[in-house]
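Geometric and topological summary
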Amino acid sequence: GAAYIAARYFGKVWGCRLGMKRAAQPMNFECNLGSALLCQAAVVIGLASFIEQNWDHPLAKTFSTVILGSVVVFELVGPLLVKRCVRLSGEVKLLTLMSRGSDAREEASMLRLTIRSGLRLLGITSKKSAIDNNTPMTVEHLMRTNVQTIPASASLEEVLRFIERSTYTHFPVLDDDGNLAGVIHFSDVRDVIYDPALQGLVTAIDLADTNSPVVYPDMPMAELLTLFDRDNVAVLPVCETQESRHVIGLVEQRDLLNAMHRNPDASNGTGPTAS
């Protein structure tokens, strides 16, 4: 049973890594995609039962037992690994985890995460979680870290293809050193999209607003609200520090408004309440 569980785990993890490498997909987040695919239940249970009933062999019962035992293991650990993967990939905001009483500020080990989840199932909330629920909310809790950017040298055609795939209306542009060079606003692209003379002349940096405001992870929500109101934009890039132009995320005005709706005191600097 242990051998089967280990083989399936490494098969999923390294199979996904090999597939992403062969498909030339960027591995831009620190999590194993394969670990998020470990959950197994319905079909496997059915196949194990079918084999036990129809395979006339002494190993049939053992085979079924091993498979069903592995299902228990993967169903206990699998959902936690899915949660970890989507969080590290930037698809989940820290605010989403904080509203459920989780420790959103540090990456918990799998053992710690498993213990906390078990305690919550028993209705036991740790003191640390209660403290986290009173943590003042900042940009870090609202931003999305899965950021797609445009190289400064990208042609107008490449910019348009990027915009077509994006769900945003503002697009960070990076220079050759990977630092923020500016932000392209959809309205700026709209002005040149129908001018054939500019097709081969305009690059991303020509379209970018180099004076676009940026925010930082430790910026309080009250300051963020003021910035959105002053500049009238829907999305702001988040840079690592005030001395660095390295983009680590994006924060949307709708996420800020949603957080304020769920937590009316958030704009005054108080933390979110547990839901």
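Before reading on, note that the structure itself is shown above.
Residues numbered from 1 in each chain as written. Predicted model: local features only at pLDDT ≥ 70, side-chain atom pairs only at ≥ 80, totals over all residues. Heavy atoms only, no water.

Considering the environment of M221
- Tracing the backbone through its elements, the reader meets M221 in helix α11 (residues 221–231).
- Given the relative accessible area of 1%, M221 is considered buried.
- Spatially, the C-alpha atom of M221 lies 9.8 Å from that of E140, the residues being 81 residues apart in sequence. (Helix = DSSP H or I, 4+ residues; strand = E, 2+ residues; numbered from the N terminus. Buried < 20%, exposed > 50% of the residue type's maximum accessible area, 1.4 Å probe, protein only.)

Focus: the packing of aromatic side chains
- The final tally for this structure, using the stated rule, is 3 aromatic pairs.
- Between W55 and F63, the ring centres sit 6.3 Å apart and the planes meet at 90 degrees, which makes this aromatic pair edge-to-face.
- Seen in terms of ring centroids, F162 and F171 are 5.9 Å apart; in terms of plane orientation they differ by 85 degrees. Their pairing is edge-to-face. In this pair, the class of F162 matches that of F171, namely buried.
- Taking the ring centre of F74 as reference, the NZ or CZ of R8 above it sits at 4.7 Å. (Phe/Tyr/Trp six-rings, centres within 6.5 Å; stacked < 30°, edge-to-face > 60°. Lys NZ or Arg CZ within 6 Å of the ring centre and 35° of its normal.)

With respect to the packing of helix α2 (residues 42–54) against helix α3 (residues 59–88)
- Two elements in contact, α2 and α3, have axes separated by 8 Å at closest approach and are oriented at 170 degrees. Our classification of the angle between α2 and α3 gives roughly antiparallel. Helix-helix and strand crossings are classified by hand; for α2 and α3 the assignment is left-handed. Contacts between α2 and α3 pair V44, I45, A48, I51 and E52 from the former with A60, K61, F63, S64, I67, L68 and V71 from the latter. (Axes fitted to C-alpha atoms, helices over the stretch in contact; angles between N-to-C directions. Parallel < 35°, antiparallel > 145°, perpendicular 65-115°, else oblique. Left-handed = near helix turned anticlockwise from the far one by under 90°. Contact = heavy atoms within 4.5 Å.)

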